[in-house]
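Coordinate analysis (summary)
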Amino acid sequence: MPLTSDEDIRQLLEETRTIAMIGASDRPDRPSYGVMAYLQSRGYRVIPVNPQITGEHVHGEFVFRELSQIGEPIDMVDIFRRSIATGEAVDEAIAAGAKSVWLQIGVINEEAAARAEAAGLKVVMDRCPKIDIPRLGVPRVGGAH
């Protein structure tokens, strides 16, 4: 079952340090652009993944084509993809050894969530960390405000 309780979601956000964002965008009008900036402002390291803008930079971070290229531990994979495309992203997250996957608001894929959970990942679905962090009073990563 995906995490739904405030306590579980808060704990996940407090344990997370490095987030890979699949579907990160360099376009300011896209939700992922603003969410990435917000997460960085809260102290998270956010690594953008988007094959369409590979090699460019978003908010100062190099954009990777796929998760497997990152080559460092990933705590969470934040997925900004259509629900139908999340299965592939979840499989990449499992293969990369991520600890959790977060499917954004409107992104629901029960089958992919079940695969992630079977592989030992925590799953959050149909939510946004930019909304949940202030709502739950999650402290800034590293403790500083």
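Residues numbered from 1 in each chain as written. Predicted model: local features only at pLDDT ≥ 70, side-chain atom pairs only at ≥ 80, totals over all residues. Heavy atoms only, no water.

With that settled, the discussion passes to the overall build of the chain. Looking only at helices and strands, the chain has 5 helices and 7 strands in total. Counting from the amino terminus, the chain carries its helices and strands in the arrangement α-β-α-β-β-β-β-α-β-α-β-α. C-alpha extents for the chain along the principal axes are approximately 35 × 35 × 30 Å. The 145 residues of the chain split such that 47% are buried. (Helix = DSSP H or I, 4+ residues; strand = E, 2+ residues; numbered from the N terminus. Buried < 20%, exposed > 50% of the residue type's maximum accessible area, 1.4 Å probe, protein only.)

In spatial order, the strands read β2-β1-β5-β6-β7; together these 5 strands make up an open sheet with parallel pairing. At either end of the open sheet lies a strand with only one pairing partner, and these are β2 (45-49) and β7 (122-124). The sheet shows a mean angle of 20° between the axes of neighbouring strands, direction not considered. Here 5 bridges tie strand β1 (residues 18-22) to β2, and the two strands are oriented parallel to one another. Opposite isoleucine 19, over in β2, you have valine 46 as the bridge partner. (Pairing = 2+ DSSP bridges. Axes fitted to C-alpha atoms, helices over the stretch in contact; angles between N-to-C directions.)

Turning to unusual backbone geometry, a few remarks are in order. Note on backbone geometry: most residues besides glycine have negative phi, and most peptide bonds are trans. Even without glycine at this site, histidine 59 takes up a positive phi of about 50°. Position of histidine 59 relative to the elements: it lies in the loop between β3 (57-58) and β4 (61-62).

What follows concerns the packing of aromatic side chains. Applying the stated rule across the entire model yields 1 aromatic pair. Both rings, one in phenylalanine 62 and one in phenylalanine 64, keep their centres 5.0 Å apart while their planes meet at 75°; by these two values the pair is edge-to-face. (Phe/Tyr/Trp six-rings, centres within 6.5 Å; stacked < 30°, edge-to-face > 60°.)

With that out of the way, let us pick up the side chain of arginine 42. Mapped onto the elements of the fold, arginine 42 is located in the loop between α2 (31-41) and β2. Of the buried charged residues, arginine 42 lacks a salt bridge, with glutamate 14 as the closest side chain of opposite charge at 8.9 Å. Excluding residues within four positions of it along the chain, arginine 42 makes contact with Ile133, Val138, Pro139, Arg140 and Val141. (Lys, Arg positive; Asp, Glu negative; His and termini not counted. Salt bridge = Lys/Arg side-chain N within 4 Å of Asp/Glu carboxyl O. Contact = heavy atoms within 4.5 Å.)

If you check UniProt for "domain: CoA-binding" (unreviewed entry), the listed places come out as residues 12-107 in our numbering. Counting secondary structure, residues 12-107 comes out at 27% helix and 23% strand; the distance between its end C-alpha atoms is 19 Å. (UniProt positions renumbered as here; feature names shortened; annotations may be inferred.)

Angle between the axes and distance between the axes are the two parameters that describe a pair of packed helices. Orientation of helix α1 (residues 6-15) relative to helix α5 (residues 129-136), taken along the N-to-C sense of each, is 105°, at an axis distance of 10 Å. By the angle between their axes, α1 is roughly perpendicular relative to α5. Judged by residue contacts, Asp6, Ile9, Arg10 and Leu13 of α1 engage Pro129, Asp132, Ile133, Arg135 and Leu136 from α5. Tallied by class, residues from the contact of α1 with α5 come to 5 nonpolar, no polar and 4 charged. (Parallel < 35°, antiparallel > 145°, perpendicular 65-115°, else oblique. Nonpolar A, V, L, I, M, F, W, Y, C, P; charged D, E, K, R; others polar.)

Before going further, it helps to examine the pattern of salt bridges. Evaluation of the coordinates by the stated rule reveals 12 salt bridges. Two residues, aspartate 29 and arginine 27, come together in a salt bridge whose shortest N-O distance is 3.4 Å. Assessed through its relative accessible area of 43%, arginine 27 is described here as partly exposed.

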